[in-house]
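Commentary on secondary and tertiary structure
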Amino acid sequence: MSAVEITSIRKSYGATVALSDINITIPSGSFFTLLGPSGCGKTTLLRTIAGFHQQDSGIIAIAKQQIENVPAHKRDVGMVFQDYAVFPHISVADNIAFGLKQRKVARSEIASRVADILDIVQLKPYAARMPHELSGGQQQRVGLARALVINPQVLLMDEPLSNLDAKLRVDLRRELRAIQQSMNITTIYVTHDQEEALAMSDIVCVMYGGVIQQAAAPWDVYNSPANSFVASFVGANNFLALSIDGTQAAIAETSVALPQLSSVQAGGKIVAAVRPEYIVVNPANDEDDLVRLPVKIRQVSFTGREMAVAATLASGEEIEAVTKPTSDIIALHPNDEAVFAFPARKVQLFEDGVTGARLF
Amino acid sequence: MTAAIATPSFFTGRLKRPGFWTVITALAVLLLAVLLLLPIANVLAISFFDATTGNFGLSNYVQVLTRRFYTAALWNTIVIGLLGMLGACLLGIPLAFCTSRYRIRGRAVIATFAVLVLCAPPFIGAYAWIMLFGSNGAVTNILSSIGIPAPTIYGVPGIVMVFSLKFFPYIYLMTENALNTINKSYEDAAENLGCTAFQRFYKVTLPLIFPAVSTGAIICFVLSIADFGTPAILGRGVRTLATIAYTQYTSEMGGTPTMAVTVSMLMIAISMIALLLQRRILSKRRYASALTNRPGKKAMSPLKSILVHGFCYLVVFIAMLPAFTVVYTSFLETSGPVFTGNFGLGSYERILRDSPQAIYNSFVFALAAVALIAVVSGLLSFIVVRRDNFVSGSLDLLLMVPYLIPGVVMAIGYVATFQHPPFDMTGTALIIILLVFIRRLPYGVRSTTSILRQIKPSIEEAAINLGASPAKTFASVTVPLMMPGLIIGSLMSFITAINELSSTLILYTSRTITMPVLIYVQVIDGEFGTAAALSTLLLLSTGLCVFTVFRFSDRKESAFV
Ligand SMILES: Nc1ncnc2c1ncn2[C@@H]1O[C@H](COP(=O)(O)OP(=O)(O)OP(=O)(O)O)[C@@H](O)[C@H]1O
Ligand SMILES: [Mg+2]
């Protein structure tokens, strides 16, 4: 219900820079996800917001109030923990009432608010139980209820679903999103599961090496990645070296016509990226406007809904296509010659390097 | 919900005020500095000023290391320490092997006896053996009546025997634990590669349990050289550093206890060398192993079964013999120092009539010290486990120190430190309570840190996040979760606190006398009846605590080592 504004936050552990110059704005009521590989600083950022780490410098403001120097127990942010952190020595109801008691809420109001939230997280029958009598998923509901019942300005969650099995994870994430939307609570969510991030979020914020790479709507992060790191981390991608000679461009010694090249300032090396799902294997000859690359098949694997076809270009670069499992594709064998083709307009251009900027 | 947020300036102002844990850490450092480091520093300082001339230098050390009076004691101490350790190993390792590898009936009884032996005050052993094998002992008299000369209990052999029987439980419990947790596959592999049973034990099992055995052995060694009561009662002319430190101290009474202190420093040095040596050996051997194949317990042939059971029960029975003797004796009627041969409660009547003060003091001092230990160890363990900084690391290390400093030394340090107004505490109950507190604090901290390490920090963070202050979080979340460790730690410190002799002997006055001191005095005076009654009382309180720890701890007997 309150906007969060983070300005120039820095944090290092000795020589390790965990966060370098983090700037983000989170609109009130939105679901904001921090996504990134292990060790990129997601937890550090979340815990800095919660007040468990002291930042080296920078400003954190919630609803325009600076809180970066407020002790953790006086920040009005709720937190849901990866390992649930449900107090093992008190009952479910007492766990949920804990924060209200700290806030000196009247007894009768505590009872009614606890009852309401138990309803929302569907734990009504378990109020009197002790935590060890609950399953992991139920414990995490207690953790969520406990954080929500105090009506925090911001809700923080650090991989809250990662200890649950795959099926439960999907169910709970729908439920979580529904509760978040109905309560309209500003939420910062940490995950390294990109599907989870894309499915739940209003804004996905991709982090790498303590730096924010891109913060945008899931659709934009996927389709308009800001740099090659985002392009490779969110969804799969094929990166192919592009050699440019005057106006002629070539991928793996096959010259290609890429109209977008004209709008790019030719500087250093350029890499072309194309997502596997845009690649057609052995297209019919009458399809126009396709970039066609001769390949040698390496491996064909069936993943259930689709086929993954891995192949090698003449240059030795590897390339993968994901297509519908047709009989032609299933019939492919390693070392078969084939053609991978994709529309030129689906090709994105990046500067070379792990976080090379997108040129087009 | 915006109520909790205040203006930034308010908080930047607040931040300058140190947090709860910063204050507690500072207090802890102050406490240990005054109660632990200062007395030791004082003792150390005294040892560098010449006993007669008062000049600064190493002259005292030169004297201690050259005069026969001292070198003989040094030699005795080392020999007794090493032989005591060896004896404890020879009893403890085979016993551990039997109980962990064979199906032994009543293993719990053996383990319980071992723990009781461990917890009983050591001087009880010494004088119980005198009552059996001393010049007028029961066994001696029986043997001489049929013309057999009884083996002497006095001197080095007697002291070594008492130490072996007293300290073997450390070796036994640690080794048994190690034997129970080594991966059986190693032994199987050795057998598969063609080792005989003995080779297998010698080449595979023993090296694997070496870390545990050596840790137990070092504890035995350190305790043997620090023990005062046993050589004092059984010595008969054989002096050790501990007894010299005490007698020198009492003879230098009033003056500066220079020689007592120098001797004490030597004891500390020996303990430290032993500890460092063991650390060095251990650092080269770390065997981590995922436990996949737990060793099983074998059934035995009837003959072997009888032999093995016989051995196990014999060891713990002999080790418990002093306790049995003491309890038995306490119910014998005496007339003066002579036992009349009838049963009765006379000794108990006399201790209740003549020395209620000692009984009262013992319990009050021990309880007060334990209350302090419980509070301080709870807070200290939080600092050590949860706060990751230089100070908390040093506190952890500092808490090892009391293990190394013999009680006599700490007591001399306390007198030297706290004898000047306005901090003159000599002769008060407070000085005894504080000394016992600092000496037994590590037991409490060890127990609470081990349980705190099992509590996930996220539980405490959750409380903080929900608005509980650090102090409130500690009280309402950490302490309840730490409670089992606190209770066990308190009981174990109570056991050691109520049996404390070596330091109280130096600090006591007629008003602050305790049961162990009174027992010592009565044994020296030959009043075995009342000494036995008091000892029985001590054994009873110790036994009750052991029983309670067993109820509370899932690790049972291994909680004691
Ligand atoms: N207490 C600490 N002391 C030193 N370095 C730390 C500490 N905590 C984190 N780091 C380092 O800071 C960096 C960021 O860690 P962080 O825990 O924020 O990563 P993360 O993105 O949450 O990773 P994961 O997905 O694995 O949870 C890592 O390089 C990590 O090694
Ligand atoms: Mg993390």
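**A closer look at the site of ligand 1**
Residue and element names in this part refer to chain A.
- Of all residues adjacent to ligand 1, which total 13 residues, the nearest are Ser38, Gly39, Lys42, Thr43 and Thr44.
- Within the backbone of Gly41, an N or O atom sits 3.0 Å from an oxygen atom of ligand 1.
- Out of a free accessible area of 630 Å², ligand 1 has 60% covered by protein chains.
- Of all the elements, helix 1 (residues 42–50) adds the most residues to the shell around ligand 1, at 3 residues.
- Residue composition of the shell around ligand 1, grouped by class: 4 nonpolar, 7 polar and 2 charged.

**Observations concerning the packing of helix 5 (residues 107–119) of chain B against helix 14 (residues 302–330) of chain B**
All names here are of chain B.
- At a minimum axis separation of 10 Å, helix 5 and helix 14 run at an interaxial angle of 40 degrees. On the basis of their axis angle, the class for helix 5 and helix 14 is oblique. Like other packed secondary-structure pairs, helix 5 and helix 14 cross with a definite hand, here left-handed. Of the residues in helix 14, those in contact with Ile110, Phe113, Leu116 and Val117 of helix 5 are Cys312, Tyr313, Val316, Ala319, Met320 and Phe324.

**Here's the deal with the pairing of strand 18 (residues 318–323) of chain A**
Residue and element names in this part refer to chain A.
- Of the two faces of strand 18, the one lined by Ile319, Ala321 and Thr323 is fully buried and the one lined by Glu318, Glu320 and Val322 carries no buried residue.
- Bridge count between strand 17 (residues 307–313) and strand 18: 6 bridges; the pairing is antiparallel. Note that in strand 18 the partner of Val309 across the bridge is Ala321.

**A closer look at the interface of chain B and chain A**
- Each partner contributes to the interface: chain B provides 29 residues, whereas chain A provides 32 residues.
- When chain B packs against chain A, close to 2,800 Å² is buried across both sides, 64% of that on carbon and sulfur atoms.
- As a salt-bridge pair, Glu461 of chain B and Arg47 of chain A come within 2.6 Å of each other at their nearest N and O atoms.
- At the surface where chain B touches chain A, the tally comes to 6 residue pairs in polar contact (both at pLDDT 80 or more).
- Only helix 1 (8–15), helix 21 (457–465) and helix 22 (470–498) of chain B provide two or more residues apiece to the side of chain B that touches chain A.

**Re the sheet that holds strand 20 (residues 348–351) of chain A**
All names here are of chain A.
- Sheet architecture is open: 5 strands sit in the order 13-12-11-14-20, paired in antiparallel fashion. Only two strands of the sheet have a single neighbouring strand rather than two, namely strand 13 (254–256) and strand 20. Each neighbouring strand pair of the sheet contributes to a mean axis angle of 40 degrees, computed without reference to strand direction.
- Bridging between strand 11 (residues 238–245) and strand 12 (residues 248–251) involves 4 bridges; their strand directions are antiparallel. Residue pairing in the sheet places Ile244 in a bridge with Ala249 of strand 12.

**Focus: the pattern of salt bridges**
Residue and element names in this part refer to chain B.
- Under the criterion given, the structure shown has 15 salt bridges over all chains.
- Residue Glu500 pairs with Arg439 through a salt bridge whose shortest N-O separation is 3.0 Å. With Glu500 in the loop between helix 22 and helix 23 (504–507) and Arg439 in helix 20 (residues 429–452), the pair connects residues that are 61 residues apart, well separated along the chain.
- When its relative accessible area of 9% is taken as the criterion, Arg439 is described as buried.

**Quick look at the packing of helix 4 (residues 68–101) of chain B against helix 10 (residues 197–226) of chain B**
All names here are of chain B.
- Where helix 4 contacts helix 10, the axes come no closer than 9 Å and their chain directions differ by 135 degrees. Classified by the interaxial angle, the pair formed by helix 4 and helix 10 is oblique. The chirality of how helix 4 crosses helix 10 is right-handed. For the pair helix 4 and helix 10, the contacting residues are Thr77, Ile78, Gly81, Leu82, Met85, Ala88, Cys89, Ile93, Phe97 and Arg101 in the first and Phe201, Thr205, Val213, Ala217, Cys220, Phe221, Ser224 and Ile225 in the second.
- Classifying every residue of the contact of helix 4 with helix 10 by side-chain character gives 13 nonpolar, 4 polar and 1 charged.

**So, a nonpolar patch on the surface**
- Taken together, the side chains of Val23, Leu27, Leu30, Val34 and Leu38 of chain B make up a nonpolar region of the molecular surface, amounting to roughly 410 Å² of accessible area.
- The topology assignment puts Leu27 of chain B in helix 2 (residues 20–46).

**Brief notes about the layout of surface pockets**
- When its volume is computed, the second largest pocket comes out at roughly 1,300 Å³.
- Along the wall of the second largest pocket there are 34 residues; nearest its centre are Gly51 of chain A together with Trp21, Arg387, Ile464 and Pro470 of chain B.
- Where the lining of the second largest pocket is concerned, the elements lending two or more residues are helix 1, helix 2, helix 16 (356–386), helix 21 and helix 22 of chain B.
- Of the residues assigned to the lining of the second largest pocket, the class counts are 13 nonpolar, 11 polar and 10 charged.

Parameters and conventions
Residues numbered from 1 in each chain as written. Chains lettered and ligands numbered in written order. Predicted model: local features only at pLDDT ≥ 70, side-chain atom pairs only at ≥ 80, totals over all residues. Heavy atoms only, no water. Near = heavy atom within 4 Å. Polar contact = N/O pair within 3.5 Å; in protein donor to acceptor, adjacent residues only side chain to side chain. Areas by Shrake-Rupley, 256 points an atom, 1.4 Å probe, with all protein chains shown as cover. Helix = DSSP H or I, 4+ residues; strand = E, 2+ residues; numbered from the N terminus. Nonpolar A, V, L, I, M, F, W, Y, C, P; charged D, E, K, R; others polar. Axes fitted to C-alpha atoms, helices over the stretch in contact; angles between N-to-C directions. Parallel < 35°, antiparallel > 145°, perpendicular 65-115°, else oblique. Left-handed = near helix turned anticlockwise from the far one by under 90°. Contact = heavy atoms within 4.5 Å. Buried < 20%, exposed > 50% of the residue type's maximum accessible area, 1.4 Å probe, protein only. Pairing = 2+ DSSP bridges. Buried area = accessible area lost by both parts, 1.4 Å probe. Salt bridge = Lys/Arg side-chain N within 4 Å of Asp/Glu carboxyl O. Patch = residues over 30% accessible without salt bridge, like charges linked within 9 Å, V, L, I, M, F, W, Y side chains within 5 Å. 1 Å grid on protein atoms, 1.4 Å probe; cavity = no way out; pocket = protein on both sides within 12 Å on 5 of 7 lines; lining within 4 Å. Points joined across faces, edges and corners; volume = space filled by probe spheres on them.

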